[in-house]
Each structure stands twice: as C-alpha cells, then as structure tokens.
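Read off the chains here:
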Amino acid sequence: MFRRLIPLVAALAAILFAQPATARPPQRIISLSPAATESLFAIGAGNQVVAVDDQSDYPKKAPHTSLSGVTPNVEAIASYRPDLVVVQYDAGGVVEGLRKLSIRVLVQPSAQNLAAAYGEIAQLGNVTGHKRAAAALIGRMKRTIKRAIASAPRRRLSVYHELSPDFYSATSKTFIGGIYKLFGLRNIADAADSTGSGYPQLSAEYILSANPSLVVLADTRCCGQTVAAVAKRPGWNGVAAVRTGAVVAIDDSIASRWGPRIVQFVQAVAKALRKLGR
Amino acid sequence: MRLATPRLWIPASVVFLAAALLTGALVGPVHLGALNVVHATFAHVFGLHSPLSGANDAILWQLRLPRVVLGALVGGTLAAAGAAYQGVFRNPLADPYLLGAAAGAGLGATLVASYAPGSGLSGDLLPISAFVGAGVAVVAAYTLGRSAGAAAGPAALVLAGVTIASFFTALQTFVQQQHVETVQEVYSWLLGRLATSGWREVGIIAPYAAAAWLILLGHRRLLDVLAVGDEEAAALGVNVGRVRLFVVVAATIATAAAVAVSGLIAFVGIIVPHTIRLVAGGSYRLLLPLSVVAGAGFLVFADVIARTVMSPAELPIGVVTAFFGAPFFAVVLHTSKRRA
C-alpha cells in the first residue's frame, strides 16, 4: 500500500520543489514608471506588459491606461490581475496594498547616475526573463555613450540646463547633471544650489551674466520652449549659446527619464558640442 | 510712531517707495555699479548711449528695471485693492482674493497648463485665462451674493466668495490631478513670480492698474461714509450698492491683471493696509493713496530679497512677502497695542 504511494509522493515533491527553479517569469506586468516602461519594451519584455500608467507615453505601442503612478489606486491596479507591478516610488502606500493582495512589486526609484540606471535595466531583465537582452542593451548604451563623449571636443565650456521657463535648473549632483560632467562641462546651476536640492531656480540676471556656451531646453513639451523663443527672450540675444546657435531643444521626457533613450540625449549634447568645438 | 499730522505720511511713503525703487535698480545678483545704473537708466529713457556693456545693459534694462516697475505696479494694486475690499465689506480679513479671484485665476492657469501645453508660463494664453478665470469667479460670487438679497449685506457676498473659491479650487485640484505633469508649472505660478517679467508684462498690467487706482482713489471719501454701516450711509444719501459694485469691479479687474502677470502674491493686500491703519489712522482718504505707494515699495523690497538672499538662485516672492511680512506685521500690531 505504502510502496505504491511512494512514486506518487516523489512526483508531488518533484513538482513542488522544482517549481521555484522553473517559475515562469511574470506574464502580466504593470508599469507605473515611465522609465521602466521604456526599459521593459527595449529589453523585449513588452509582450508581458498588460498596462502602463498615464505618464508612460513611450513607446507608442505600450498598453496605455489611465492608471496613475502618482495617485495610484490599488483596486484599479489589481483589476488587471497583474503578477508584477513596477513602481517608481511608494505613492500612497501602494506597495503595501499590492503586497497584501500577494502581488509582486518592484520599486525602481529615479536613478542618481548612469550606473544606477543600468542597474535598474539589469534588474528588469532578471525579473522578466530577459537577462541576456538587458545585458546587451546596457552594453550598447555604454558603447554609444562612450563614443558620443569621445566625439565631443574637451573644452571647459559652461552649460545651462533648463527645466522650466522660470529658470529651474539641474546641478551636477542630479542624474542629468552627471551627464554634463562626463563631457567635462561646467554647470552654471552648481553655484546656485545652496540648499543642496539639486534643482535650484536661477535668476535671469545670473544666467545672462554667467553667459553659458551651451543651453539645453528640457522644457519643450511641458512649456513650449523653442530655440527661437529663447532668442526672443529679453536680453538673451547676447548669450553666447544663442549667438553661436548652441541652444539644444530636447524632448522633456527623454531628458527626465533614466531609460534607454538617455543615449539620444547624450548624442544631442555631443552633436551641439561638436558644432561648437572647432 | 504716529506723526503729528497724518498728512506727513504721504511724503514719508513716497520716500519709502523711492528708496525701494533705487535699491531694486541697484541691487541684484550681478553688480553693475551705482553710477552705471543711474547713467544707463537715464540713457535708455532719453535714448542716449548706455555706458554699460551689452550683457550688463541687457541685465539692467531688460531684466532688472521691468521687474522693479512690475513689482511696484503689482504691489500698489494689491495693497489698494485689499484696502478697498476691507472698506467695502467692513471686514478686516478681506483681501483682494476674497471674492474668488485667486481661485478663478488659479483654475484658468491650470486649464491652460493642462489642455494647451506649450503655451504655459511665458505664453500669451496663461495671463489671459488667469484674468478671465478671476473675472468669472468674482462675477459668479457677486451674483450669488446678491441673490441673497440686499438685507444680507456684505456678509452674504463674503460667503458667496468663499463658496465660489472652494468650488473653483476643487476644479483646479481635479484638473491638476489629471495632469500631474503640470504640477510644477502651476505650483510655481501659485507661489507668485516676478522672475520672468519683462516690459511686456508691465505693458499688460499698467492700464488696468492706473484705471483701478483712479477709480479707487475717487471713491475714498465714499468708503469713509460706508464705514459707518449700510443703512447709515444710505441715510446720508450714498448709493451703497453702486459704490460697492464700482469699488469691487475696479479692485477685481486690477487684481486679476496683477495675478495674470505675477501669480498669487499673498499677504500684500492685508499687511500693507493694516500697517498703514495702525500707524496713520483708518480714514480711507489717506489709507488708499498710502496703500498704493507703500504697497508698491513693499513689494519692490520683497522682490529685492527674493532675488538676492539665495543669489544666484531665486526665492518665490510669495514666500518672501509672508515670511518677512508676517513678523513685521506682528511687531506693528504689538507696538500699537502697547501705545493704545
């Protein structure tokens, strides 16, 4: 009697213990982080994504919903029956709420530097079963960024990174500021950050007197800023970057996310510097 | 502190304003030199050659001076509108935003930032929609308040203002929550800003400010009569409803124009008139002109602090007016109580 049961028990045990090793990667992923959405699609995990939040506007084929990562509703998220939810931060206790429903949550905070950004892409690769594709993507990003930086002449130029038309900027301490540092640029916002927020509001007088050689507009989509509009601002026609045509207009969402498209940002800066360089 | 003749406060306030304008023109994140500033300013006004270099000349003439002038216009307008509202509603807590002007303008600004992205902050649409929003809110509040009947008096108007303001604020919060990407833009507008101003903004507000000042100053004696109460004023032959409407319309249009170019700058409309009441007495004949002049000086000084204290970073001006205004007002309140 017992003998006959042994194979059955063994089979059951095999199934039970084998489960973790062969666990299927999540097939119903929700991303409430625009940067994670871009990474998921870039590493080939797009087919596993069932919903993205209202701020995830790239890539176009992502399953856009009105879910919010800023004011998330656990019930609304759960109604998609996800097996993995990627969030940028724990807004309104969403992490605990989802875990109570036994839904796996991955928190991917805003990256402070490129290394952290690569780390998050690698983590998404591990979790979703696209480890190799993630590693390949990171490799490509690293090579492209290295090439772009090498292509730019190394002169000690100054840069003004504009986040909004009332002159909020980002210092070298921030993710985006760290990229200017790779180019060896001097960030004019650094002098203004006495509180250490990383995102000071500069005075217009200061910007004109700092006379930046490169101006990068990361407020083209939010606030409709253009190269022409900047040239028309009172007093700005004398700024070096405006005179030499070194004003770069860039899609805000590229400049504010730490996803794969950051490569495009680096290339845009490199191109402007090459134009300035000779 | 009380001068023998209250009229002496007029020249005193003019000196205060002149000092503010001078400080505003001389002090900034960039040092231009006092002589250069005066020389260059005269050169621009009279079309002569400026002694400053290109960049410094632009800093002075295209950034700093319009900002100083705009600060004076906005400050004078908000203070005068606040004084007028306090008189017409016989409510010491009345400020220019009492009838929902702030909430309406905030909704207008949020709608533009959310549904017409790209035309925000520096665009032409935001001042217009803030202006329209403020106007709509005040008209709605006034209509609602009047529907309670004349017997309800100014209290009904104040309650209607609170109602409309809450409703508009709820709408604004809803729209903002649907468009979280605009939060920063709207927030920085709500805190008040002179940071991005140029002569264009001065041109937008100047006619409204001038018209409102004239109308309010023209009603200063009637406001004194109104202070004794609606029925008493009516018995003295004053058309209470018409005076109230005129003053509210003038104050509201001016406030809406101020809000449209500079966002919501808190506290000026309360602190300036009350400080003047405490030091120079409560007669509107003196209070209104003094509010215009001292309000202008106050905001120019506040803006000097806003752009220098964290230099080369900016501080929102609304933070400065409240942070420095509140303790200053506390001191005035304290000393006047001891004397009385």
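Residues numbered from 1 in each chain as written. Chains lettered and ligands numbered in written order. Predicted model: local features only at pLDDT ≥ 70, side-chain atom pairs only at ≥ 80, totals over all residues.

Caption draft 1: Broad picture of the overall build of chain B. Summing up its helical and strand segments, chain B has 14 helices and 0 strands in all. When the elements of chain B are put in sequence order from the N terminus, they spell out α-α-α-α-α-α-α-α-α-α-α-α-α-α. The C-alpha atoms of chain B give a radius of gyration of 20 Å, which matches the 20 Å a tight globule of 340 residues would have. For chain B, the spread of C-alpha atoms along the principal axes amounts to about 65 × 60 × 40 Å. A buried classification covers 53% of the 340 residues belonging to chain B. Excluding contacts between residues fewer than 6 apart, the proportion of contacts in chain B whose partners are at least 24 apart in sequence is 77%. (Helix = DSSP H or I, 4+ residues; strand = E, 2+ residues; numbered from the N terminus. Rg over C-alpha atoms; globule rule 2.2 N^0.38 Å. Buried ≥ 20, exposed ≤ 12 C-beta atoms within 10 Å, placed from the backbone. Contact = placed C-beta atoms within 7 Å.)

Caption draft 2: Looking closely at the sheet that holds strand E6 (residues 186–187) of chain A. All names here are of chain A. Here we have 4 strands laid out as an open sheet, ordered E6-E5-E7-E8, and parallel in their pairing. At either margin of the open sheet sits one strand with a lone partner, and together these are E6 and strand E8 (247–249). Sheet analysis places strand E7 (residues 214–217) next to E8, joined by 3 bridges and oriented parallel. Paired with Val216 across the strands is Val248, a residue of E8. (Pairing = 2+ DSSP bridges.)

Caption draft 3: Representation of the interface of chain A and chain B. Between chain A and chain B, the residue contacts involve 27 residues of the former and 33 residues of the latter. Within the residue set of the side of chain A that touches chain B, elements represented by two or more residues are helix H8 (204–210) and helix H9 (220–223) of chain A. When its residues are assigned to classes, the side of chain A that touches chain B shows 13 nonpolar, 11 polar and 3 charged. (Nonpolar A, V, L, I, M, F, W, Y, C, P; charged D, E, K, R; others polar.)

Caption draft 4: Highlighting the confidence of the model for chain B. Residue and element names in this part refer to chain B. In the predicted model, chain B carries a mean pLDDT of 85, and 94% of its residues have values of at least 70. Helix H7 (residues 183–190) is the least confidently modelled element of chain B, averaging 75 in pLDDT, while helix H1 (residues 9–26) averages 94, the highest of any element. Our summary of model confidence lists the complex with pTM equal to 0.81 and ipTM equal to 0.74. (pLDDT = per-residue confidence, 0-100.)

Caption draft 5: Spotlight on the sheet that holds strand E2 (residues 49–52) of chain A. Residues and elements named next belong to chain A. Strand order in the open sheet formed by 4 strands is E2-E1-E3-E4, with parallel pairing between adjacent strands. Each edge of the open sheet is held by one strand with a lone partner, namely E2 and strand E4 (105–107). With direction set aside, neighbouring strand axes in the sheet form an average angle of 20°. Bridge count between strand E1 (residues 29–31) and strand E3 (residues 84–87): 3 bridges; the pairing is parallel. Pairing of Ile29 across the sheet is with Leu84, part of E3. Across the face of the sheet, helix H2 (residues 34–42) comes into contact with E1, E2 and E3 while running at roughly 135° to E1. (Axes fitted to C-alpha atoms, helices over the stretch in contact; angles between N-to-C directions.)

Caption draft 6: Just the nonpolar core, in detail. Within the largest apolar cluster, 191 residues are counted, with the highest numbers of intra-cluster contacts made by Ala84, Ile205 and Ala257 of chain B. For this core, the element with the highest residue contribution is helix H3 (residues 54–89) of chain B, accounting for 21 residues. Both of domain 1 (29–140) and domain 2 (155–277) of chain A provide at least three residues apiece to this core. Filtering out sequence-adjacent residues up to four positions away, Ala257 of chain B remains in contact with Phe131, Ile204, Ile205, Tyr208 and Ala209 of chain B. (Core = buried A, V, L, I, M, F, W, Y, C linked by C-beta atoms within 7 Å. Domains from an automatic or database assignment.)

Caption draft 7: A look at the pairing of E3 of chain A. All names here are of chain A. Side chains of E3 alternate between two faces, with Leu84 and Val86 and Val85 and Val87 buried alike. Where E3 meets E4, 3 bridges bridge the pair, whose relative direction is parallel. Bridge assignment links Val87 to a residue of E4, and that residue is Val107. For the handedness criterion, the β-α-β arrangement of E3, helix H4 (residues 94–100) and E4 is classed as right-handed. (Right-handed = clockwise from strand over helix to strand, strands pointing away.)

Caption draft 8: Up close: unusual backbone geometry. Cis geometry marks the peptide bond from Tyr58 of chain A to Pro59 of chain A, where omega comes out at -5°. Looking at the secondary structure, you find Pro59 of chain A in the loop between E2 and helix H3 (74–78). For the bond from Ser311 of chain B to Pro312 of chain B, the omega torsion is 0°, close enough to zero to count as cis. Position of Pro312 of chain B among the secondary structure elements: in the loop between helix H13 (284–308) and helix H14 (317–339). Even without being a glycine, Arg81 of chain A presents a positive backbone phi close to 50°. With respect to the helices and strands, the residue Arg81 of chain A is situated in the loop between H3 and E3. Of note, the phi angle at Asn211 of chain A is positive, near 50°, even though the residue is not glycine. Within the secondary structure layout, Asn211 of chain A lies in the loop between H8 and E7. Given 16 C-beta atoms within 10 Å, Asn211 of chain A falls into the partly exposed group.

Caption draft 9: Spatial organisation of the pairing of E2 of chain A. Residue and element names in this part refer to chain A. Taken together, the 3 bridges between E1 and E2 define a ladder with parallel strand orientation. When the bridges of E2 are listed, Ile30 appears paired with Ala51. Crossover E1 to E2 through H2 is right-handed.

Caption draft 10: A look at the domain arrangement of chain A. Residue and element names in this part refer to chain A. According to the domain assignment, chain A consists of domain 1 (29–140) and domain 2 (155–277). In this structure, domain 1 and domain 2 have C-alpha centres spaced 29 Å apart. Every contact between the two is made by 14 residues of domain 1 and, on the other side, 9 residues of domain 2. Of the residues contributing to the side of domain 1 that touches domain 2, the split by class is 8 nonpolar, 4 polar and 2 charged.

Caption draft 11: Structural detail: helix H13 (residues 262–277) of chain A. All names here are of chain A. For H13, spanning 16 residues, the distance from its first C-alpha to its last is 22 Å, which sits close to the expected 22 Å at 1.5 Å a residue. Burial in H13 covers these residues: Ile262, Phe265, Val266, Val269, Ala270, Ala272 and Leu273. One side of H13 holds all its buried residues, which, seen down the axis, span an arc of 165°. Along its buried surface, H13 packs onto helix H5 (114–128), helix H6 (131–151), helix H7 (175–182), E7, E8 and helix H12 (252–255). (Expected span 1.5 Å × (residues − 1). Arc of directions from axis to C-beta.)

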